[in-house]
Amino acid sequence: MREWESPDYEPRLPVSEKSNPLTRDIDRASACCIVRMLQACDAQMFQEETGATYQRLLSDRVVQTVMEVARRVEVVLKEPQGGLVVLSGCGTSGRLAFLTASGFNRELRTRDHSSLFSYIVAGGDRALLSSQEAPEDDANLGILSLKKACEGKTRVLFIGISCGLSAPFVAGQLDFCLQHPEVYTPVLLGFNPPHQASDEPIPGCTFTFHSVVQRMQELVRREEAFLITPAVGPEAVSGSSRMKGGSATKILLDVILSAAHAATFTNTPITYKGVVQHMRAYEKTLEVTYAQSEGIAALVEAAGQSLCRGRRVCYLGWGSLAVLGLIDASECEPTFGADYEDVRGFTRGGYSELNNNEGPLTSLGSQFCIAHQDFLRFVLPTLSDQDTVLLIYTQDDVSDVVTLARTVRGKTSNLHAVHHHTDEHAAAAAQQEDINKLCLSTVRVTWSTATSESLVHMQRELSTKLLLNAVSTGAHILKGKIYQNHMIDVQVTNSKLYRRATRLLQKLSAHPEHRCEEALLKAIHRVDELTADISSSDVTTHAHAARDRSMAESHLEQEPIIREAVEAWLS
Ligand code: S6P
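The shown structure was predicted, so the numbers you read here are calculated from the model rather than taken from an experiment.

Scoring rules and cut-offs
- Along each chain, the written sequence defines residue order, and numbers are assigned to residues from 1.
- In view of the model being predicted, local features appear only for residues whose pLDDT reaches at least 70, and side-chain atom pairs are presented and counted only at 80 or more, with totals across whole chains, interfaces and linings using the full set of residues.
- Only hydrogens and water are removed before side-chain values are computed, so all heavy atoms of the structure are retained for them.
- Going along the chain from the N terminus, every DSSP run of H or I of four or more residues is numbered as a helix, and every run of E of two or more is numbered as a strand.
- Domain start and stop positions are those given by an automatic or database domain assignment.
- Buried surface area refers to the total accessible area, computed with a probe of radius 1.4 Å, that the two partners give up upon joining, counted for both partners together.
- The salt bridge definition used is simple: a Lys or Arg side-chain nitrogen within 4 Å of an Asp or Glu carboxyl oxygen.
- Between N or O atoms, a polar contact is any pair within 3.5 Å; within protein, one atom must be a potential hydrogen donor and the other a potential acceptor, and residues adjacent in sequence are included only when both atoms are from side chains.
- Note on residue categories: nonpolar means Ala, Val, Leu, Ile, Met, Phe, Trp, Tyr, Cys or Pro, charged means Asp, Glu, Lys or Arg, and polar means any other residue, Gly included.
- With axes taken as lines fitted to C-alpha atoms, and helix axes fitted only over the stretch in contact, angles between N-to-C directions fall between 0 and 180 degrees.
- Here the angle decides the label: under 35 degrees means roughly parallel, over 145 means roughly antiparallel, 65 to 115 means roughly perpendicular, and every other value means oblique.
- If you view the pair so one helix is near and one far, a crossing is left-handed when the near helix is turned anticlockwise from the far one by less than a right angle, and right-handed when it is turned clockwise.
- Every residue pair with non-hydrogen atoms within 4.5 Å of one another is taken to be in contact.
- Expected span of a helix: the number of residues minus one, times 1.5 Å.

Q: Would you explain unusual backbone geometry in this entry?
A: Excluding glycine, a negative phi dihedral is what most residues carry, and trans is how most peptide bonds are arranged. Of note in the backbone geometry, Asp 112 takes a positive phi value of approximately 60° without being a glycine. Locating Asp 112 in the fold gives a position in the loop between α3 (92-110) and β2 (117-121). Despite not being glycine, Ala 510 shows a phi value in the positive range, around 60°. Within the element layout of this structure, Ala 510 appears in the loop between α18 (495-509) and α19 (513-525).

What follows is the structure in structure tokens.
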């Protein structure tokens, strides 16, 4: 049994919140060691089950349930009338729901099929690109957005994603599905065993995440509800479920949806062996990616230096790899207390390529300007050699990349590339040579030509996710944003983060829980003594207060004249 699996290891915490013994000293590590530690943590995703305590990705029960859910998706694809598959989650889970739903809808369009996959992200499309942690606590909002997404549908397969089995937004949706079994079949995807689901009261609701999971468990045998809840081990940065939680979410969604597609369009039956093989292909993806650990460490070092100097890191991506850049960048704010300018992502065609539910969001502010054109107009003129720019692309985009690389090189020599290629694409070699000359470093990730194009596409996406997670996490560690393996610059903007902050205070101060909670409340409400009002309020109210305060402060920082700040805020 591994250390974190022992019942005595941080017994009060679910797996997704435990601290990983492998990364206790990650805050003191060099860029190379950071990457090695991340590699070891990621490898835990594929470890075999050792006892009855935790199911793992490749456990028999998990593979069987993946097959059952894939068959349900197949039914929707074969009889599309009135059917829909909804993928929903908060933060990273919602962003990966978006990435997966849009990727598979694109594939349907190439077959002249209408879209059958919908995504929901708590807080709406702005949450695809920015941190919106508060809607996670709102179960009613979850229900409303599910109803809206399913208007007019008569058969809905709902896949709710919550890595920590804790988001009230998703609990509300699952509860709603359970109440309307004639239309909805609920599936829960997460990375704690069911008994570790959160039992935190949800304001205005009679259920908790835990009680919803219990009700689902009763329906599992009749295949009226499905639970896919393997453990993937504690995150490298405690609670940072964007990392392994996000990767395992992507793996499972890809495996389920592509098995259903293959069954529908190429008559390939959904088999145990097929599912395991696909999972193993992702294990291989880890190997292929981390074979480049030296190159990745160089990127961590460059990005870390930029952040330490108060400069920025920009990801310029192409196709769906760019979306992974947007996602990675958006997560730096809640994880490391970063400013949105610190790490930013851009995609070639902007919103026309993103194809999100709500269309262009540029009117929301510069944070939402995501096209390469926006980068050229607004960011490039301000860049210097101290900023890091990273190009992320496949061989299909090489000629476009050369052009952009030349332009960027005029402003900064701190230019790097991540190039995914297969060996048969020698045609683009001359242009790639040009890119190499323009860049300080190039990470070349090579994919086998023997693998199908659609699998390589999914592998490249996961590989890019791992690589960018390593760059942004590693760079922020070098900047000092992690203590041991804990986030310390985190805003307490929802109940999960409130509980996490209390625990961190406990760990650091060794004082009892109630004293730490008191100290946190005093800090949130800026008082020396807690009033009866404050003490009797629930966690959500405190999280609201913390959010409103930090938003007010950031408005004031941008606009120190209070009247102007208030007007900007109101508008
Ligand atoms: C975590 C990320 C968060 C989570 C969100 C949902 O690294 O910053 O935004 O994705 O809190 O978590 P969960 O456990 O419901 O998937």
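Having seen the structure, we can now continue with the description.
Q: Explain the domain arrangement of the protein to me, please; I cannot follow it from the model alone.
A: A common measure of how large an interface is: the accessible area buried when the components associate. Entries for the protein in the domain assignment read domain 1 (60-285), domain 2 (291-479) and domain 3 (486-570). Taken together, the two surfaces of domain 1 and domain 2 that pack against each other cover about 2900 Å², and 65% of this comes from carbon and sulfur. The tally of links between domain 1 and domain 2 comes to four salt bridges. Between Glu 331 and Arg 242 there is a salt bridge, and its shortest N-O distance comes to 2.7 Å. Our count for the domain 1 to domain 2 interface comes out at 16 residue pairs in polar contact (both at pLDDT 80 or more). If you list the elements that add at least two residues to the side of domain 1 that touches domain 2, you get α3, α4 (126-129), α8 (244-265) and α9 (272-290). With seven residues, α3 is the single largest residue contributor to the side of domain 1 that touches domain 2. Its residues assigned to classes, the side of domain 1 that touches domain 2 comprises 12 nonpolar, 10 polar and eight charged.

Q: Quick question: what am I supposed to make of the packing of helix α15 (residues 398-409) against helix α16 (residues 429-438) here?
A: For any two helices packed against each other, one specifies the inter-axial angle together with the distance between the axes. At a closest axis distance of 9 Å, the pairing of α15 and α16 adopts a crossing angle of 25°. With respect to α16, the axis of α15 lies roughly parallel. Note on packing geometry: the crossing formed by α15 with α16 is left-handed. The residues of α16 that touch α15, namely those facing Val 398, Ser 399, Val 401, Val 402, Ala 405, Arg 406 and Arg 409, are Gln 431, Gln 432, Asp 434, Ile 435 and Leu 438.

Q: How should helix α17 (residues 453-478) be read in this particular structure?
A: Because an α-helix completes one turn every 3.6 residues, residues spaced three or four positions apart along the sequence face the same direction. Relative to the 38 Å expected for 26 residues at 1.5 Å per residue, α17 spans 37 Å between its end C-alpha atoms, a close match to the ideal helical length. Gly 480 lies just past α17 and shows a positive phi near 95°.

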